[in-house]
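Next come the chains, spelled out residue by residue.
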Amino acid sequence: LPGLSLRNVTKQFVSGDTVVTALNDVNLDLRKGECAALLGPSGAGKSTLLMIAGCLMAPTAGSVIIDGNVLYDSTAGERALHDDREFRRKHIGFVFQKAHLIPFLTAVENVQVAMEINDVRPSEARERAQVLLDDLGVGDRAGNLPRQLSGGQQQRVAVARALANEPSLLLADEPTAALDAQRARQVMELFQHIAHKRGASVIVVTHDHRALEHFDRILMQQDGRLSERSEPSEVAT
Ligand code: ADP
Ligand code: ADP
(Lines give C-alpha, C1' and ligand atoms only; values in the text may rest on other atoms or scores of the structure.)
(Ligands and ions follow the chains in the order given, each with its own letter.)
Protein backbone atom coordinates (compact mmCIF):
# COMPACT_ATOMS: atom_id res chain seq x y z
CA LEU A 1 0.00 0.00 0.00
CA PRO A 2 1.58 3.31 -1.05
CA GLY A 3 1.72 6.17 1.44
CA LEU A 4 0.59 8.58 -1.28
CA SER A 5 -1.07 8.02 -4.64
CA LEU A 6 -1.98 10.75 -7.07
CA ARG A 7 -4.11 9.44 -9.94
CA ASN A 8 -4.59 11.56 -13.04
CA VAL A 9 -4.49 14.70 -10.96
CA THR A 10 -5.16 17.92 -12.82
CA LYS A 11 -5.39 21.36 -11.26
CA GLN A 12 -6.50 24.42 -13.15
CA PHE A 13 -6.71 27.97 -11.92
CA VAL A 14 -9.22 30.16 -13.65
CA SER A 15 -8.90 33.91 -13.43
CA GLY A 16 -11.09 35.87 -15.79
CA ASP A 17 -10.59 34.51 -19.30
CA THR A 18 -7.32 32.76 -18.61
CA VAL A 19 -6.93 29.18 -17.44
CA VAL A 20 -3.62 28.08 -15.97
CA THR A 21 -3.04 24.33 -15.85
CA ALA A 22 -0.73 24.04 -12.87
CA LEU A 23 -0.92 20.22 -12.81
CA ASN A 24 -1.57 18.28 -15.97
CA ASP A 25 -2.58 14.63 -15.49
CA VAL A 26 -0.07 13.89 -12.75
CA ASN A 27 0.42 10.32 -11.51
CA LEU A 28 2.57 9.40 -8.55
CA ASP A 29 2.90 6.43 -6.20
CA LEU A 30 5.13 7.02 -3.24
CA ARG A 31 5.73 4.04 -0.99
CA LYS A 32 6.02 4.23 2.76
CA GLY A 33 9.62 4.82 3.66
CA GLU A 34 10.38 6.57 0.36
CA CYS A 35 11.98 9.99 0.36
CA ALA A 36 11.48 11.98 -2.86
CA ALA A 37 12.93 15.29 -4.00
CA LEU A 38 10.66 17.42 -6.17
CA LEU A 39 12.55 19.72 -8.53
CA GLY A 40 11.54 22.08 -11.29
CA PRO A 41 11.59 25.70 -12.39
CA SER A 42 9.50 28.40 -10.77
CA GLY A 43 5.88 28.22 -11.88
CA ALA A 44 6.13 24.50 -12.75
CA GLY A 45 3.43 23.50 -10.26
CA LYS A 46 5.54 22.18 -7.37
CA SER A 47 3.71 24.08 -4.64
CA THR A 48 0.38 23.14 -6.15
CA LEU A 49 1.35 19.47 -6.08
CA LEU A 50 2.42 19.78 -2.45
CA MET A 51 -0.80 21.54 -1.46
CA ILE A 52 -2.95 18.93 -3.15
CA ALA A 53 -0.95 16.04 -1.64
CA GLY A 54 -1.31 17.82 1.71
CA CYS A 55 -5.07 18.24 1.38
CA LEU A 56 -4.76 22.00 1.51
CA MET A 57 -6.36 22.23 -1.92
CA ALA A 58 -8.64 20.02 -4.00
CA PRO A 59 -7.71 18.89 -7.50
CA THR A 60 -9.88 19.90 -10.46
CA ALA A 61 -9.87 16.24 -11.53
CA GLY A 62 -8.29 13.01 -10.39
CA SER A 63 -7.86 11.32 -7.05
CA VAL A 64 -5.66 11.66 -4.00
CA ILE A 65 -5.18 8.59 -1.80
CA ILE A 66 -3.20 8.83 1.42
CA ASP A 67 -2.39 5.70 3.35
CA GLY A 68 -5.43 3.96 1.84
CA ASN A 69 -7.81 6.86 2.47
CA VAL A 70 -9.40 8.32 -0.64
CA LEU A 71 -9.44 12.06 0.01
CA TYR A 72 -10.70 13.23 -3.35
CA ASP A 73 -11.79 11.36 -6.41
CA SER A 74 -12.74 12.20 -9.95
CA THR A 75 -16.45 11.88 -9.32
CA ALA A 76 -16.48 14.19 -6.31
CA GLY A 77 -15.25 17.25 -8.19
CA GLU A 78 -13.37 19.77 -6.06
CA ARG A 79 -14.76 18.35 -2.89
CA ALA A 80 -13.04 16.51 -0.06
CA LEU A 81 -14.32 13.12 0.94
CA HIS A 82 -13.00 13.54 4.48
CA ASP A 83 -12.89 16.44 6.88
CA ASP A 84 -9.62 17.86 5.58
CA ARG A 85 -8.59 19.61 8.71
CA GLU A 86 -9.02 16.61 10.95
CA PHE A 87 -7.35 14.34 8.41
CA ARG A 88 -4.42 16.71 7.95
CA ARG A 89 -3.76 16.99 11.67
CA LYS A 90 -3.54 13.24 12.05
CA HIS A 91 -1.83 12.09 8.87
CA ILE A 92 0.24 14.87 7.37
CA GLY A 93 3.22 16.89 8.56
CA PHE A 94 4.39 20.11 6.92
CA VAL A 95 7.74 21.86 6.97
CA PHE A 96 8.15 25.25 5.31
CA GLN A 97 11.02 27.43 4.20
CA LYS A 98 10.97 29.18 7.54
CA ALA A 99 10.39 27.42 10.84
CA HIS A 100 7.32 29.51 11.82
CA LEU A 101 7.62 28.58 15.48
CA ILE A 102 5.38 30.26 18.04
CA PRO A 103 7.77 32.92 19.38
CA PHE A 104 6.59 32.96 22.99
CA LEU A 105 6.73 29.17 23.45
CA THR A 106 9.91 27.20 24.08
CA ALA A 107 11.17 24.61 21.60
CA VAL A 108 9.61 21.72 23.51
CA GLU A 109 6.31 23.60 23.94
CA ASN A 110 6.14 24.27 20.20
CA VAL A 111 6.22 20.52 19.59
CA GLN A 112 4.00 19.71 22.55
CA VAL A 113 1.08 21.90 21.44
CA ALA A 114 0.97 20.08 18.09
CA MET A 115 0.22 16.87 20.03
CA GLU A 116 -2.21 18.46 22.44
CA ILE A 117 -4.53 19.55 19.64
CA ASN A 118 -4.86 15.85 18.90
CA ASP A 119 -5.90 15.23 22.52
CA VAL A 120 -2.63 13.85 23.82
CA ARG A 121 -2.36 14.53 27.58
CA PRO A 122 0.05 17.41 28.34
CA SER A 123 2.44 15.30 30.44
CA GLU A 124 2.68 12.63 27.76
CA ALA A 125 2.95 15.24 25.00
CA ARG A 126 5.81 16.88 26.88
CA GLU A 127 7.67 13.63 27.20
CA ARG A 128 7.21 12.67 23.55
CA ALA A 129 8.17 16.17 22.39
CA GLN A 130 11.41 15.93 24.33
CA VAL A 131 12.18 12.52 22.78
CA LEU A 132 11.62 13.97 19.29
CA LEU A 133 13.89 16.93 19.99
CA ASP A 134 16.53 14.50 21.31
CA ASP A 135 16.23 12.44 18.12
CA LEU A 136 16.69 15.53 15.99
CA GLY A 137 19.76 16.66 17.90
CA VAL A 138 18.24 19.68 19.63
CA GLY A 139 17.22 18.07 22.91
CA ASP A 140 19.55 20.35 24.87
CA ARG A 141 17.66 23.33 23.42
CA ALA A 142 14.22 22.22 24.61
CA GLY A 143 13.84 25.06 27.09
CA ASN A 144 14.96 27.83 24.72
CA LEU A 145 12.71 30.26 22.93
CA PRO A 146 12.92 30.25 19.10
CA ARG A 147 14.88 33.51 19.01
CA GLN A 148 17.56 31.90 21.16
CA LEU A 149 18.13 29.24 18.50
CA SER A 150 20.06 29.37 15.25
CA GLY A 151 18.26 28.95 11.94
CA GLY A 152 19.31 25.32 11.67
CA GLN A 153 18.13 24.57 15.18
CA GLN A 154 14.77 26.28 14.59
CA GLN A 155 14.27 24.21 11.46
CA ARG A 156 14.95 21.03 13.44
CA VAL A 157 12.31 22.04 15.97
CA ALA A 158 9.92 22.64 13.06
CA VAL A 159 10.66 19.15 11.76
CA ALA A 160 10.02 17.73 15.24
CA ARG A 161 6.68 19.55 15.30
CA ALA A 162 5.79 18.17 11.87
CA LEU A 163 6.50 14.66 13.20
CA ALA A 164 4.57 15.18 16.44
CA ASN A 165 1.54 13.20 15.36
CA GLU A 166 3.47 10.49 13.53
CA PRO A 167 2.27 11.50 10.07
CA SER A 168 2.27 8.95 7.27
CA LEU A 169 3.11 11.75 4.86
CA LEU A 170 5.68 14.48 5.42
CA LEU A 171 5.75 17.41 2.98
CA ALA A 172 8.49 20.02 2.96
CA ASP A 173 8.58 23.17 0.81
CA GLU A 174 12.16 24.37 0.34
CA PRO A 175 13.11 23.58 3.93
CA THR A 176 16.79 24.36 3.40
CA ALA A 177 16.46 27.62 1.49
CA ALA A 178 17.58 29.64 4.50
CA LEU A 179 20.46 27.35 5.49
CA ASP A 180 24.10 27.13 4.49
CA ALA A 181 25.37 24.10 2.55
CA GLN A 182 26.39 22.06 5.57
CA ARG A 183 23.15 22.65 7.50
CA ALA A 184 21.15 22.00 4.34
CA ARG A 185 22.85 18.66 3.95
CA GLN A 186 22.08 17.75 7.56
CA VAL A 187 18.41 18.61 7.16
CA MET A 188 18.18 16.55 3.94
CA GLU A 189 19.81 13.62 5.74
CA LEU A 190 17.24 14.04 8.44
CA PHE A 191 14.36 13.67 5.96
CA GLN A 192 15.93 10.55 4.53
CA HIS A 193 16.31 9.15 8.03
CA ILE A 194 12.69 9.97 8.87
CA ALA A 195 11.44 8.17 5.78
CA HIS A 196 13.58 5.10 6.29
CA LYS A 197 13.27 4.77 10.06
CA ARG A 198 9.68 5.90 10.58
CA GLY A 199 8.26 4.51 7.35
CA ALA A 200 6.77 7.84 6.32
CA SER A 201 6.44 8.96 2.70
CA VAL A 202 8.40 12.19 2.33
CA ILE A 203 8.38 14.81 -0.45
CA VAL A 204 10.84 17.68 -0.32
CA VAL A 205 10.49 20.52 -2.82
CA THR A 206 13.94 21.93 -3.34
CA HIS A 207 16.07 24.02 -5.64
CA ASP A 208 19.03 22.74 -3.75
CA HIS A 209 20.95 20.40 -6.02
CA ARG A 210 23.72 19.99 -3.47
CA ALA A 211 22.20 17.18 -1.47
CA LEU A 212 20.26 15.02 -3.92
CA GLU A 213 22.14 11.86 -2.99
CA HIS A 214 19.96 11.72 0.12
CA PHE A 215 16.84 10.95 -1.90
CA ASP A 216 15.43 7.64 -3.08
CA ARG A 217 13.61 9.32 -5.93
CA ILE A 218 14.09 12.47 -7.95
CA LEU A 219 10.85 13.90 -9.33
CA MET A 220 10.85 16.67 -11.88
CA GLN A 221 7.94 18.98 -12.46
CA GLN A 222 7.83 20.99 -15.69
CA ASP A 223 4.89 22.84 -17.25
CA GLY A 224 2.48 20.96 -15.04
CA ARG A 225 3.88 17.53 -15.98
CA LEU A 226 5.61 15.22 -13.54
CA SER A 227 8.48 12.99 -14.64
CA GLU A 228 11.13 11.00 -12.88
CA ARG A 229 14.91 10.94 -13.08
CA SER A 230 16.54 7.62 -12.38
CA GLU A 231 19.81 9.08 -11.15
CA PRO A 232 20.56 12.31 -9.28
CA SER A 233 23.40 12.82 -11.79
CA GLU A 234 20.85 13.21 -14.59
CA VAL A 235 19.73 16.45 -13.03
CA ALA A 236 21.50 19.45 -14.51
CA THR A 237 22.96 21.64 -11.81
P1 ADP B 1 5.97 26.36 -8.36
O2 ADP B 1 5.73 26.00 -6.94
O3 ADP B 1 6.63 25.27 -9.14
O4 ADP B 1 6.71 27.66 -8.53
P5 ADP B 1 3.11 26.84 -8.45
O6 ADP B 1 2.48 25.55 -8.11
O7 ADP B 1 3.22 27.87 -7.39
O8 ADP B 1 4.56 26.55 -9.09
O9 ADP B 1 2.35 27.49 -9.69
C10 ADP B 1 2.05 26.78 -10.88
C11 ADP B 1 1.24 27.69 -11.81
O12 ADP B 1 -0.05 27.90 -11.27
C13 ADP B 1 1.86 29.05 -12.02
O14 ADP B 1 1.62 29.45 -13.35
C15 ADP B 1 1.10 29.92 -11.05
O16 ADP B 1 1.06 31.25 -11.52
C17 ADP B 1 -0.27 29.29 -11.06
N18 ADP B 1 -0.99 29.47 -9.79
C19 ADP B 1 -0.63 28.95 -8.59
N20 ADP B 1 -1.51 29.26 -7.64
C21 ADP B 1 -2.46 30.02 -8.24
C22 ADP B 1 -3.67 30.65 -7.80
N23 ADP B 1 -4.07 30.56 -6.54
N24 ADP B 1 -4.39 31.33 -8.70
C25 ADP B 1 -4.03 31.41 -9.99
N26 ADP B 1 -2.91 30.84 -10.47
C27 ADP B 1 -2.13 30.14 -9.62
P1 ADP C 1 23.39 25.46 13.49
O2 ADP C 1 23.95 24.14 13.83
O3 ADP C 1 21.96 25.48 13.81
O4 ADP C 1 23.64 25.99 12.14
P5 ADP C 1 25.06 27.69 14.14
O6 ADP C 1 26.41 27.20 13.72
O7 ADP C 1 24.31 28.62 13.28
O8 ADP C 1 24.13 26.44 14.49
O9 ADP C 1 25.16 28.32 15.58
C10 ADP C 1 26.08 27.83 16.56
C11 ADP C 1 25.58 28.23 17.94
O12 ADP C 1 25.30 29.64 18.02
C13 ADP C 1 24.33 27.49 18.29
O14 ADP C 1 24.53 26.77 19.49
C15 ADP C 1 23.28 28.53 18.44
O16 ADP C 1 22.52 28.30 19.61
C17 ADP C 1 24.01 29.84 18.54
N18 ADP C 1 23.27 30.82 17.74
C19 ADP C 1 23.30 30.94 16.39
N20 ADP C 1 22.50 31.93 15.97
C21 ADP C 1 21.93 32.44 17.07
C22 ADP C 1 21.01 33.50 17.31
N23 ADP C 1 20.47 34.23 16.33
N24 ADP C 1 20.67 33.77 18.59
C25 ADP C 1 21.18 33.04 19.59
N26 ADP C 1 22.06 32.04 19.43
C27 ADP C 1 22.43 31.75 18.20
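Since we're looking at a predicted model, the values are computed, not measured.

Caption draft 1: Here's a closer look at the packing of helix α3 (residues 107–116) against helix α4 (residues 122–135). One way to put it is that α3 packs onto α4 with a least axis distance of 8 Å and a crossing angle of 125°. Accordingly, the angle class assigned to the pair α3 and α4 is oblique. As for how α3 packs across α4, the hand of that crossing is right-handed. Residue-level contacts link Ala107, Val108, Glu109, Val111, Gln112, Met115 and Glu116 of α3 to Pro122, Ala125, Arg126, Arg128, Ala129, Gln130, Leu132 and Leu133 of α4.

Caption draft 2: Up close: the pattern of salt bridges. The tally for this structure, following the rule as stated, stands at ten salt bridges. Here Arg7 makes a salt bridge to Asp29, at a shortest N to O gap of 3.2 Å. Of the two residues, Arg7 sits in strand β1 (residues 4–15) while Asp29 sits in strand β2 (residues 18–30), which places them 22 residues apart along the sequence. One connected set of salt bridges, linked through shared partners, spans Arg31, Glu34, Arg217 and Glu228.

Caption draft 3: Broad picture of the layout of surface pockets. Counted as a void, the largest pocket has a volume near 360 Å³. Along the walls of the largest pocket sit 15 residues, with Arg88, Arg89, Ile92, Phe94 and Ile117 positioned nearest its centre. Looking at the lining of the largest pocket, the elements with two or more residues in it are α2 (84–91), β6 (92–95) and α5 (151–162). Here the lining of the largest pocket is built from residues that sort into nine nonpolar, two polar and four charged.

Caption draft 4: Here's a closer look at the pairing of strand β5 (residues 69–72). Bridge count for strand β4 (residues 61–66) against β5 is three bridges, and the pairing is antiparallel. The residue of β5 that forms the bridge with Val64 is Tyr72. Counting the residues in the hairpin turn of β4 and β5 gives two residues, including Asp67, whose phi is positive at 55°.

Caption draft 5: Region of interest: the sheet that holds strand β3 (residues 35–39). Read from one edge of the open sheet, six strands run β6-β7-β8-β3-β9-β10, paired in mixed fashion. The open sheet has two free edges, formed respectively by β6 and β10 (225–229), since each of these has just one partner strand. Direction aside, the axes of adjacent strands within the sheet are offset by 20° on average. In this sheet, strand β7 (residues 169–173) lies alongside β6 in parallel orientation, the contact comprising four bridges. By the bridge assignment for β7, Phe94 is matched with Leu171. Against the sheet, α2 touches β6 and β7, its axis set at about 75° to β6. Sitting on the sheet, α5 is in contact with β6 and β7, with an inclination near 165° to β6.

Cut-offs applied
Residues numbered from 1 in each chain as written. Chains lettered and ligands numbered in written order. Predicted model: local features only at pLDDT ≥ 70, side-chain atom pairs only at ≥ 80, totals over all residues. Heavy atoms only, no water. Axes fitted to C-alpha atoms, helices over the stretch in contact; angles between N-to-C directions. Helix = DSSP H or I, 4+ residues; strand = E, 2+ residues; numbered from the N terminus. Parallel < 35°, antiparallel > 145°, perpendicular 65-115°, else oblique. Left-handed = near helix turned anticlockwise from the far one by under 90°. Contact = heavy atoms within 4.5 Å. Salt bridge = Lys/Arg side-chain N within 4 Å of Asp/Glu carboxyl O. 1 Å grid on protein atoms, 1.4 Å probe; cavity = no way out; pocket = protein on both sides within 12 Å on 5 of 7 lines; lining within 4 Å. Points joined across faces, edges and corners; volume = space filled by probe spheres on them. Nonpolar A, V, L, I, M, F, W, Y, C, P; charged D, E, K, R; others polar. Pairing = 2+ DSSP bridges.

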